[in-house]
Amino acid sequence: MASLHVSAEELSCPVCCEIFKTPVLLSCSHSVCKECLHQFWRTKKTQECPVCRRRSSKPKPPVYGLGTGCTD
């Protein structure tokens, strides 16, 4: 069986720098925590990616799972 090595950086939100909590996928392919994104959007008053500043095409980006208990 092949082993999968994923770094903590790949599982970390670029906004809070913590392991993802309810990650969402933006149309630009960046991922952030759902709460970090909503807080960023409330602060900026625009719906743009906190990483690349590209305008989000969806007001509610899809949540994706990395498995259950991602932050446990």
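Scroll up to find the structure.
Report on the accompanying structure. (Residues numbered from 1 in each chain as written. Predicted model: local features only at pLDDT ≥ 70, side-chain atom pairs only at ≥ 80, totals over all residues. Heavy atoms only, no water.)

**Looking at the overall build of the protein**
- Assigned secondary structure in the protein consists of one helix and two strands.
- If you list the helices and strands of the protein from N to C, you get β-β-α.
- Looking at the 72 residues of the protein, the share that counts as buried comes to 26%.
- Within the protein, contacts between residues at least 6 apart in sequence are counted, and of these 34% link residues at least 24 apart. (Helix = DSSP H or I, 4+ residues; strand = E, 2+ residues; numbered from the N terminus. Buried < 20%, exposed > 50% of the residue type's maximum accessible area, 1.4 Å probe, protein only. Contact = heavy atoms within 4.5 Å.)

**Brief notes about the pattern of salt bridges**
- The tally for this structure, following the rule as stated, stands at three salt bridges.
- Taking the shortest distance from any N to any O, the salt bridge between Arg42 and Glu35 comes out at 3.1 Å.
- Here Glu48 ties to Lys44 by a salt bridge, and the two come within 3.9 Å at their closest N and O atoms.
- When salt bridges with common partners are traced through the structure, they connect Lys44, Glu48 and Arg53 into a single cluster. (Salt bridge = Lys/Arg side-chain N within 4 Å of Asp/Glu carboxyl O.)

**Remarks on the environment of Val32**
- The topology assignment puts Val32 in strand S2 (residues 31–33).
- Exposure remark for Val32: the relative accessible area of 0% places this residue in the buried category.
- Along the backbone, Val32 and Pro14 are 18 residues apart, and their C-alpha atoms lie at a distance of 6.5 Å.

**As for the nonpolar core**
- Membership of the largest hydrophobic core is limited to 12 residues, which are Cys13, Phe20, Val24, Leu26, Cys28, Val32, Cys33, Cys36, Leu37, Phe40, Trp41 and Cys49.
- Looking at which element gives the most residues to this core, the answer is helix H1 (residues 34–44), with four residues.
- What Val24 contacts, discounting residues up to four positions off in sequence, is His30, Ser31, Val32, Cys33, Lys34, Leu37, Pro61, Pro62, Val63 and Tyr64. (Core = buried A, V, L, I, M, F, W, Y, C linked by side-chain atoms within 4.5 Å.)

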